[in-house]
Amino acid sequence: MCPSRFAQDALIALLIGVFVGFPAASPSAHELKVINEQAFYPEGPLWADGKLYYAEMSKDRIMSWDGVSNVVFWQGAGCGPTTIAKSMTGFYIFCHLGNRIHEVSAIAHPIRTI
């Protein structure tokens, strides 16, 4: 199944360090805004709970952007995360390099490792 055109545009924009108007983040869906000029190979964007989450594989971390600032949401040595997804209790973080999945709470406290 192919991702929607909006999802494709958002991912492409994120990969080049540009943000394409997510819901409630911008008055115009066509407005472009740089959200993190220092991003390290961002991928796997997720819009959840009013924030944009994205993986930075080379930095072993998940970043979040609340419409104002970028902060490290989660970090784990040797993980190499490529994606973050919603779970019933918080989030799943998929570690490409670490060959594991971390389940964390909504505030990034560890729940379990698969």
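So, here is what we can say about the structure in this document. (Residues numbered from 1 in each chain as written. Predicted model: local features only at pLDDT ≥ 70, side-chain atom pairs only at ≥ 80, totals over all residues. Heavy atoms only, no water.)

### A few points about the pairing of strand β8 (residues 90-95)
- With five bridges joining them, strand β7 (residues 81-86) and β8 adopt antiparallel strand pairing. Note on β8: the bridge partner recorded for Ala85 is Tyr92.
- What sits between β7 and β8 in their antiparallel hairpin is a turn of three residues.
- Summarising the sheet, β8 and strand β9 (residues 100-105) pair through six bridges and their orientation is antiparallel. Each residue of the ladder has a partner; that of Gly90, found in β9, is Ser105.
- Linking two consecutive strands that pair antiparallel, namely β8 and β9, is a turn of four residues; a positive phi of about 55 degrees is found at Asn99 within it. (Pairing = 2+ DSSP bridges. Helix = DSSP H or I, 4+ residues; strand = E, 2+ residues; numbered from the N terminus.)

### Overview of the pattern of salt bridges
- This structure, assessed with the given rule, holds three salt bridges.
- Lys86 is the partner of Asp49 in a salt bridge, and the nearest nitrogen-oxygen pair spans 3.0 Å. A residue pair is termed long-range when its members are at least 10 positions apart, and Asp49 in the loop between β3 (42-48) and β4 (51-56) and Lys86 in strand β7 qualify at 37 residues.
- Notably, a salt bridge pairs Arg61 with Glu56, separated by 2.5 Å at the nearest N-O pair. Pair check on accessibility: Arg61 and Glu56 agree, each one buried. (Salt bridge = Lys/Arg side-chain N within 4 Å of Asp/Glu carboxyl O. Buried < 20%, exposed > 50% of the residue type's maximum accessible area, 1.4 Å probe, protein only.)

Fair warning: the whole summary comes from geometry, so function is off the table for now.
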